[in-house]
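# Structural description and commentary
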Amino acid sequence: MAKKLRVGVVFGGRSGEHEISIRSAAAVIEAIDQKKYEVIPIAITKEGKWLAPSAASALLPTLASQQLPEEIINSNPGDIAILGDPSHQGLTRITSNDDDVSPQTLDVVFPVLHGPYGEDGTLQGLLEMADVPYVGCGVVASACGMDKVAMKMLFAQSGLPLCKYVWFLRSEWQRDQTKALRRVAREIGFPCFVKPANLGSSVGISKAKDKESLIKAIDLAAEYDRKVIVEELVNARELECAVLGNDQPSASLPGEYVVHDEAARFLDYTEKYASTGHVEFVVPAPVSKAMSAKIQRLAIQAFQAVDGSGLARVDFFLTRDTKELLVNELNTLPGLTEVSGYPKMWAASGLPFPKMLERLIDLAFERHQDKRKTKKTI
Ligand SMILES: Nc1ncnc2c1ncn2[C@@H]1O[C@H](COP(=O)(O)OP(=O)(O)O)[C@@H](O)[C@H]1O
Ligand SMILES: [Mg+2]
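Quick look at the structure, then. (Residues numbered from 1 in each chain as written. Chains lettered and ligands numbered in written order. Predicted model: local features only at pLDDT ≥ 70, side-chain atom pairs only at ≥ 80, totals over all residues. Heavy atoms only, no water.)

### Quick look at the overall build of the protein chain
- When helices and strands are tallied, the protein chain shows 14 helices and 17 strands.
- For 378 residues, the compact-globule estimate of 2.2 N^0.38 gives 21 Å, and the protein chain sits close to it at 21 Å.
- By principal-axis analysis of the C-alpha atoms, the protein chain measures approximately 65 × 50 × 50 Å.
- The buried share of the protein chain, taken over its 378 residues, is 52%.
- Considering only intrachain contacts with a sequence separation of at least 6, the fraction spanning at least 24 residues in the protein chain is 68%. (Helix = DSSP H or I, 4+ residues; strand = E, 2+ residues; numbered from the N terminus. Rg over C-alpha atoms; globule rule 2.2 N^0.38 Å. Buried < 20%, exposed > 50% of the residue type's maximum accessible area, 1.4 Å probe, protein only. Contact = heavy atoms within 4.5 Å.)

What follows is the structure, encoded as structure tokens:
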């Protein structure tokens, strides 16, 4: 039998989405084909400390940790790290008084981290330095997928339809509030939506209906990032599409968050991950064949606009009055939990979760090989 590929699943992380990341990692570990892959769990705490596989597996729910071999659970808990030095292919022990100094090689790393310090190109940068193949988008796509200003600029450049927006720096806001408020009133109007450029899971996002609530909303967003975006409030259905591939990506059937209770303000963190009954994710989205094809086409265009690789979920607005399709955002490491849209959309498109994971790992190797073709010296 062929040797199993060793997959380092990195999860947890320093972002507010730490718990969701654990759930995503658990779902990945439960679904991955254990006959083909040996999973090495690696956790990052909220403080940014890396935990060795034994300590990392203790963070996982029972079902996922039961999938892991005994030797992982009982392995040396000493400090570990991935070094940005290609001569250490994978995990390195960094405890000086450690008997077991042998590094644990990893064939591929699967970052299952959402939000800053994981989805934003920082971990990807480290893995590039280490020259380890990894699942998902590279540095540029990850960073641009996290920064809503950079993302919108790339989307606009590629001709994708977006809602109206303005953005400014926190320092500009602090220097001259009147100027920023006038700009919003002139270019966007009320009601509007205020967001920090970086982050996710609706953190720091709020609606404003007048000048007073706008000031509050901008102050709040400015606590979370140095760039603030103000968008027109669109009254729209929310649709999503899963993209998979490298240079020739494919798009899944689109899905839709169907809101059963209009009192649900907007799709916040709780709504997306808790089964509150207010929203339901429906695949395929109840739209015409032509609309479904358009969503798939624009999802691929958005993926290519940021130079995506591996996977991304592209989120859309379909306006209720004019039936206009707008791209809202692209997520380079979408939720992979049992209730998440990304795996559900692929499953409904004929690619079950375990096969999807296999494909993602193959794509990681493909991208790494492709990069190797590039001359490194002049
Ligand atoms: N311009 C907008 N108009 C109306 N609703 C919006 C707008 N922007 C965001 N929302 C709502 O807020 C949610 C979160 O915003 P989003 O930009 O997707 O940020 P996040 O990165 O936190 O997911 C969206 O899913 C949607 O429900
Ligand atoms: Mg979103």
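### Re the sheet that holds strand S4 (residues 80-82)
- In spatial order, the strands read S4-S5-S6; together these three strands make up an open sheet with antiparallel pairing. Edge positions in the sheet fall to S4 and strand S6 (104-105), since each of these pairs with one other strand and no more.
- By the bridge criterion, two bridges tie strand S5 (residues 90-93) to S6 in an arrangement that is antiparallel. The residue bridging glycine 90 from the neighbouring strand is threonine 105, located in S6. (Pairing = 2+ DSSP bridges.)

### Digging into the pairing of strand S7 (residues 108-112)
- Most of S7 is tucked away, with five of its five residues classed as buried.
- In S7, alternate side chains face the same way, and those of Val108, Phe110 and Val112 on one face and Val109 and Pro111 on the other are all buried.
- Direction of pairing for strand S1 (residues 5-12) relative to S7: parallel, over a ladder of five bridges. The residue of S7 that forms the bridge with phenylalanine 11 is valine 112.

### Overview of the nonpolar core
- Grouped together as the largest cluster of nonpolar side chains are 42 residues, with contacts concentrated most on Phe110 and Met356.
- The set of elements that each furnish at least two residues to this core consists of S1, helix H1 (18-31), strand S2 (37-44), S7, strand S12 (236-245), strand S15 (279-282), helix H13 (341-348) and helix H14 (353-372).
- With sequence-adjacent residues up to four places away left out, methionine 356 is seen in contact with Leu336, Tyr342, Pro343, Trp346 and Leu351.
- Counting residues in each nonpolar core, the second largest holds 26 residues, with Leu239, Ala285, Leu298 and Ala299 among its members. (Core = buried A, V, L, I, M, F, W, Y, C linked by side-chain atoms within 4.5 Å.)

### What to know about unusual backbone geometry
- With an omega dihedral of -5 degrees, the bond running from phenylalanine 190 to proline 191 counts as a cis peptide bond.
- At the junction of valine 283 and proline 284, the peptide bond is cis and its omega measures out at -10 degrees in the coordinates.
- Examined against the element boundaries, proline 284 turns out to sit in the loop between S15 and helix H12 (289-305).
- Its identity is not glycine, yet tyrosine 117 carries a phi of approximately 60 degrees, on the positive side.
- Within the secondary structure layout, tyrosine 117 lies in the loop between S7 and helix H5 (122-130).
- Judged by its relative accessible area of 42%, tyrosine 117 is partly exposed.
- Its identity is not glycine, yet aspartate 131 carries a phi of approximately 60 degrees, on the positive side.
- Considering the arrangement of structural elements, one finds aspartate 131 in the loop between H5 and helix H6 (139-146).
- Residue aspartate 131 is classed as partly exposed on the basis of its relative accessible area of 26%.

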